[in-house]
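Coordinates in review
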Amino acid sequence: MADNQSANIQALLSALNVFTRAPDKTSLENANSWLQDFQHSPEAWSTCNVLLLSPDAPPAAKLFAAQTFRSKVTYDLHQVDPSNLLPLRDTLVSALERYQSGPKTIIIQLCLALSGLALQLPTWDNALQSIVETFGANPATVPVLLQFLTILPEEVSGNTRIPVTDDEYRERSAKLLSDNSGQVLELLSMYLQATGVTHVVQSQIFDCLRSWLVAGEIEMPAFGKSPLLAFAFEALASEELFDSAVDVVCEMIHETQEIDDNMPVIELIVPRVIALKSRLEDQKDDPEKIRGYAKIFAEAGETYRLLILQHTDTFYPIVEAIGQCSAYPDLDIVPITFPFWMRLAQTIGKKTSISPLFGEAYKALMGVVIRHLHFPPDLTSMTGQEADNFRSFRHVMGDTLKDCCLVLGTDACLLSAYGLITMALSRGPQSISWQEIEAPLFAMRSMGAEVDVMDDTAVPKIMDLIPSLPIHPRVRYAALLIISRYTEWINRHPDYIAYQLQYISAGFEDPDPEVSAAAGQALKYLCQDCKQHLIEFLPTLHTFLTTTGAKLAQDDRRQVYEAIAYVISAMSMEKAAESLRTFSLDILSQIHAISSKSTAVTKQELKEVGYGLENLEVMLHVVGPFGDQLPAACQNSCQEAWSIFDTFISKFAFDYDTSERATRVLRHGITLFGHSALSVASSVLSRMVTSFEATGFSSFLWISGKFVGRFGHEADPVLRNAFQTLYERATNKVVSLLQSKDPRDIPDVLEDYVQLLLQLIRMAPDVFFQSSAFPLAFRATMAALTLIHSDLVFASLDLFRDILTHESLTPSSSPPPKFPIYCSSIKAVMEKEGFEFVGYMLSGLVGDFPEDSTAVVVTIFRAVALLWSTQLVTWLPPILQQLPPSSAPNQVKQQFLLDVTHSLNSAQYDKVKYSILALHRASRKARDRRRVTPLNQA
């Protein structure tokens, strides 16, 4: 036994030693895996006890031993004989005494272990009192006691991995926490007032107090009578205790949120909070102090907002203090106050009348926020990350402006921002900065969501102002985005459309790419929301595209096409078809020209055609289908368009981006032409499978699946033959790819292939089951189960479920003619592949299958158990042997095998479900345990 333990210690020290070097990844993973496996073993209890008490053990080994005790108390307490549980407690207490002076990391782990043990050990009746008696009398050990008292409520309340029932938890947590909260308050008060108490211990006391407050275990009436309340506020004057005191004050305020029950305590807290207001000015040069005060005032404001409204005279200083924090120049501190303003505004919104003081507060807040929105005078003073952060924060501030609208009214807020701009403009162009104009414009944009589309007061002034704004990229950018936000209003006031189009058109001419992008966005939303009014402008937009369009960046050009498509979608069907044809022919002519070119095509030429395909795609997406009866303008368009695409794809299939874009356009072609696309379906499938064989690009499989899904029910023999050819040639290509590549290298191909198979089995089962490709397709789909790719795994499992639960497998006295053939095909495949298939299923279940896939796995496994029960009994033992113990512990595998065998032998196939679910739960628990164990920090 001693030799065994000595060997374990040596192996453990060797594994830990790996982390002290700079090892390769494999050595690191092997060492980590060994340590985790060792932690699970029953021998770890005694081995770690020896290490923890050994004076010669390395620090890393002692920490690992302490971590292991914590882990095993959480997961493996069942390994300890009940008669040894109290001695285990004594061992941990003794270890804690031994390490009373540190290291702190070991003290924390031992406290965690003792807390977890206390929750699970009802026979340890006076757990907290016994720890107090052991460590509470000696000043040298009081820090250890405080550490335990801090951790206890956190572990009891927060460690959901500890295996106790709800009833056990309620009983033990009450005994450990609720029944002792009064004693803890007295104890902390005593230590706080002890002679010679240090700042370190005082800080620990506050941390402990906060822990009990957060757990909700402190009775606030008792707390109000404790000296701790006053001392927490007094400690705000201490540099050393400030942060801890802020946390405690915030938590005590939060715990008084049941206003009626806690008024006596609130009456003690609020005057002390208000007294802090003067410090905002006194300590304005110390951002960290202001941050702390902002947290306190914001917490008080949120918690007591009803009292603020009911007793404004008494509580309004809190609002003023929060306003001062909102106005503070450090933008990391300002957002601490925003939840208060939001919740107060929501509460005010439900009131019929409020004190005018709140209107003044929100007016001041609005001015403050707009000042904060100003970009710095020198943009180069900000790093790229700082600029991104500031832009993101501006949107957060924009939400606070909406809160102002809720209180003051949107018109008043918009006119206030409008007034800031007109006041600046009145000083003349030489004496204003662009920031003074841009910030109020941004504010108007943020408040645009609150605008009434029937407003005739504020918005007309803003719309009239836009054309006269200074010509500056940032100003123009902001103004264009206002147009984007206000398009629903413009739809109700169409007289402004012509002016807005002129302003947007000028935006496209701006050399700043952000301005041009904003112009594209403005045009898109204008056309989307005002499409009926813009039909008459369509020729102008077409002219704009043919002249200025070529100069635009592609992102902007695509937005213009999208905008035009919205206008087309508002036209009558015949006119819409004619307009769509006009704009589409521009792009199709470009595609035809490059396909017909006899000389080599440049990369730039191909890229331009790719842009055209993007633009055509977005137009088709917005316009959508015309219905079953195509307008006259589209009668022959399908064949004409396909002839152009057929030639184009045959020539440029090897360019990945081009293939992706072309197939996406074809997808929208199916939607546009509907049943009319049947005439070209066989030709399309032939071109797609030929292109897939040549390139291996998944997009050709993807679009093929869409065609099968749309026309799979058609009885046309030519089309059915095209389906079979597609199925067999695509399968052979996928099998060929899997012979030369790892499945991880082609997840896109496998996903689109499996999606194609799903369409075939559902729409054309005669093709799917009767083809020689079926066994190959089954095996290729099994390869997909090995990938960590949720969508692919779900699709593969759906396919296997459809196969193994197919109606043809259900005995029937008069089955459809082809069902016996289907049934024979499925059984032949399972006889050959069943062992490996079940192995993949169980490996994925205890491994990397998505969490939500369990129900499908249960369905599949039940089908296998029902139809192949004899084989399953022989398949399972070697399969389970191969599953790693780290994911499926041996004891769990043995139980699973017993349960499944019993279900099969008794023909209770539905009970297989419970065996699968139990295996899944156990494997997840084992894997979660390995994830949370920080061994590499040992």
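None of these values were measured; they are calculated from a predicted model.

**Details of the nonpolar core**
Met 252, Ile 803, Phe 837 and Leu 842 are the most contacted members of the largest nonpolar core, which totals 333 residues. When residues in this core are grouped by element, the largest group, 11 residues, is from helix α44 (residues 819-845). Every residue in contact with Ile 803, bar those within four places of it in the chain, is listed here: Ile 761, Phe 768, Phe 769, Phe 774, Phe 778, Leu 809 and Ile 826.

**Let's talk about helix α9 (residues 166-176)**
Three or more residues of α9 are buried, namely Arg 172, Ser 173 and Leu 176. The buried residues of α9 occupy an angular sector of 100° when projected down its axis, which confines them to one face. What points out from α9, more than 90 degrees from its buried face, is the exposed set Asp 166, Asp 167, Arg 170 and Glu 171. Residues of α9 that are buried make contact with α6 (104-120), α7 (127-135), α8 (142-158) and α11 (199-214).

**A closer look at the confidence of the model for the protein chain**
Per-chain confidence: the protein chain averages 92 in pLDDT, with 98% of residues scoring 70 or above. Counting contacts from residues 934-938, a segment whose pLDDT is below 50, to residues more than four positions away or on other chains yields 14 contacts.

**Details of the environment of Leu 185**
If you trace the backbone, Leu 185 turns up in helix α10 (residues 181-192). Assessed through its relative accessible area of 7%, Leu 185 is described here as buried. Linking Leu 185 and Leu 904, residues 719 residues apart in sequence, is a C-alpha distance of 60 Å.

**A word on helix α46 (residues 869-882)**
The end-to-end C-alpha distance of α46, which contains 14 residues, comes to 20 Å, matching closely the 20 Å that a straight helix rising 1.5 Å per residue would cover. Most pronounced at Leu 876, the bend in α46 amounts to some 35°, and the proline Pro 877 follows within four residues. All buried positions along α46 are accounted for by Ser 869, Gln 871, Leu 872, Trp 875, Leu 876, Ile 879 and Leu 880. Buried residues along α46 sit in contact with α44, α45 (854-867) and α47 (890-905).

About the thresholds
Residues numbered from 1 in each chain as written. Predicted model: local features only at pLDDT ≥ 70, side-chain atom pairs only at ≥ 80, totals over all residues. Heavy atoms only, no water. Core = buried A, V, L, I, M, F, W, Y, C linked by side-chain atoms within 4.5 Å. Buried < 20%, exposed > 50% of the residue type's maximum accessible area, 1.4 Å probe, protein only. Helix = DSSP H or I, 4+ residues; strand = E, 2+ residues; numbered from the N terminus. Contact = heavy atoms within 4.5 Å. Arc of directions from axis to C-beta. pLDDT = per-residue confidence, 0-100. Expected span 1.5 Å × (residues − 1). Bend = angle between axes of the 7 residues up to and from the residue.

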